[in-house]
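This is what each chain is made of:
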Amino acid sequence: MARNHFKYIILGGGVAAGYAAREFVKQGLKAGELAIISKEAVAPYERPALSKAYLFPQGAARLPGFHVCVGSGGERLLPQWYIEKGIDLILSTEIVKADLASKILTSASGVAFTYEILIIATGSAAIKLSDFGVQGANANNIFYLREIEDADKLVEAIQSKRNGKAVIVGGGYIGLEVSAAMRINNFTVTMVYPDPWCMPRLFTAEIAAFYEAYYVSKGVKIIKGTVAVGFDINSDEDVKSVKLKDGRVLDADIVVVGVGGRPLTTLFKGQVEEEKGGIKTDGYFKTSVPNVYAVGDVATFPLKLYREMRRVEHVDHARKSAEQAVKAIKSTEASKTLEEYDYLPYFYSRSFDLSWQFYGDNTGETVLFGNSNPTSPNPKFGSYWIKDGKVVGAFLESGTPEENNAMSRVASVQPSVLDLERLQTQGLHFAFHI
Ligand SMILES: Cc1cc2nc3c(=O)[nH]c(=O)nc-3n(C[C@H](O)[C@H](O)[C@H](O)COP(=O)(O)OP(=O)(O)OC[C@H]3O[C@@H](n4cnc5c(N)ncnc54)[C@H](O)[C@@H]3O)c2cc1C
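The rules behind each value
Residues numbered from 1 in each chain as written. Predicted model: local features only at pLDDT ≥ 70, side-chain atom pairs only at ≥ 80, totals over all residues. Heavy atoms only, no water. Near = heavy atom within 4 Å. Polar contact = N/O pair within 3.5 Å; in protein donor to acceptor, adjacent residues only side chain to side chain. Areas by Shrake-Rupley, 256 points an atom, 1.4 Å probe, with all protein chains shown as cover. Helix = DSSP H or I, 4+ residues; strand = E, 2+ residues; numbered from the N terminus. Buried < 20%, exposed > 50% of the residue type's maximum accessible area, 1.4 Å probe, protein only. Pairing = 2+ DSSP bridges. Right-handed = clockwise from strand over helix to strand, strands pointing away.

The subject of this paragraph is the site of the ligand. Glu40, Arg47, Lys52, Arg146 and Glu147 are the nearest of the 35 residues found near the ligand. For the ligand, an oxygen atom lies 2.6 Å from a polar atom in the side chain of lysine 52. Valine 315 is positioned such that a nitrogen or oxygen atom in its backbone is 3.2 Å from an oxygen atom of the ligand. Contact with the protein chains hides 98% of the accessible area of the ligand, taken as 1000 Å² for the molecule alone. Of all the secondary-structure elements, those providing two or more residues to the shell around the ligand are helix 1 (15–27), helix 4 (173–184) and helix 6 (315–333). The dominant element in the shell around the ligand, judged by the number of residues it contributes, is helix 4, at three residues.

We now examine the pairing of strand 2 (residues 34–37). A two-sided burial pattern is seen for strand 2, the buried positions comprising Leu34 and Ile36 on one face and Ala35 and Ile37 on the other. Two strands pair when backbone bridges link them, and strand 1 (residues 5–11) and strand 2 are joined in this way by four bridges, in the parallel orientation. In the sheet register, isoleucine 9 faces strand 2, and the bridge partner there is alanine 35. Once you follow strand 1 into helix 1 and on to strand 2, the crossover reads as right-handed. Sheet analysis places strand 2 next to strand 3 (residues 88–90), joined by three bridges and oriented parallel.

Along strand 10 (residues 188–193), five of the six residues are buried, which leaves the element largely enclosed by surrounding structure. Relative to strand 10, strand 9 (residues 165–169) runs parallel, the two sharing five bridges. Each bridged residue has a counterpart across the sheet, and for isoleucine 168 the counterpart in strand 10 is methionine 191. Considered for its hand, the β-α-β crossover made up of strand 9, helix 4 and strand 10 is right-handed. Pairing between strand 10 and strand 11 (residues 221–224): four bridges, direction parallel. The partner of methionine 191 across the bridge, within strand 11, is isoleucine 222. Once you follow strand 10 into helix 5 (residues 205–217) and on to strand 11, the crossover reads as right-handed.

Have a look at this one:
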């Protein structure tokens, strides 16, 4: 019979789980102490690849090429690594019940797992159009992208609907990255989103204007200010067209929906304190329940720099929060002290020949600098966000590693600025003088 009691269990086998496992090993782990339980069939991998190189027509990223921790320049943890370290990687196993008071997790097939310390790393699920009752939303060839299984289905459809028509619903980073990938696969691509510009949660109108014009120049059609309200299907239940609220109908062989994620916290409802849609933690990722930690997308934690509680759905935080939680567990065991998590938000995206990075907070006034002409052969531009006379956020398109480091420094130092016109003229030079 399989052994089902572990000193530590990580629930979820995504980015945070992989980085937590590496940190456990760094801090000292005995064989048999740690289990990772994951719904997915593969060892932890760098999820951002799924909407980027995984979809390329040539030279596509495939496992084992992008198992964690290659995304941050670290060692690639192959399934063998977990065996060598004595970590039980329990795959294709969905936990359907979590009883935090009795420390029991129960799987869909009825197996019970018990633990002393639990790290919740269940991440998010894609929001589905069927959740809103959109007619026809369960048709074939309507895709979401969260796990490798979703990406495999999309790749199969890309191969069977060669040179077809794709409609991408949503203008966030998944919508932008997948639109680019579909275009590279020679699909006719239309993006649809309700907002006045793409990535409204981060981009200013000026930043978005660059990306929209660039996408149009690559042959992507953009329809803004409306939403998909239904899908026409054929007798095989394949999607045929997308009906928009403004009355337009778009032919489609493939639809990819990227309208946001929802943290997977339902298993723990009523058992643990929540805040801002996530599981509330302290600066060590401890939840309100003793010996239960929450990391990555599900955690709402104190963001020290901005003195407020936040939930961050980005890969860099998934990695760092996981490492912090393990350090906290090990420090507690050794009766040592540990600094609280002090995080500088960092997001990035890549599509076509473009690549941007953002550091800090996107609040306050903005100053755009550099060359944001989308028809220029080498566009390179950025933006600063200024709040209460201090630069709090920094964005850069096509930066070198050195330039991106300088932008990160600006966002963490938060230098004062009095003259915004001067800041605009100084542009990147400003960052190099911090
Ligand atoms: C397609 C895509 C592209 C992205 N690109 C970027 C990017 O370019 N830049 C960026 O900063 N961020 C990006 N992100 C976000 C980033 O990947 C996430 O923030 C990160 O993966 C969060 O890590 P996590 O470990 O919290 O959750 P996840 O990596 O999602 O892992 C959660 C794991 O828990 C498992 N699980 C959930 N519930 C259960 C259960 N009940 N039982 C068992 N297992 C369970 C899941 O199957 C999964 O394996 C992207 C996300 C996606 C989906």
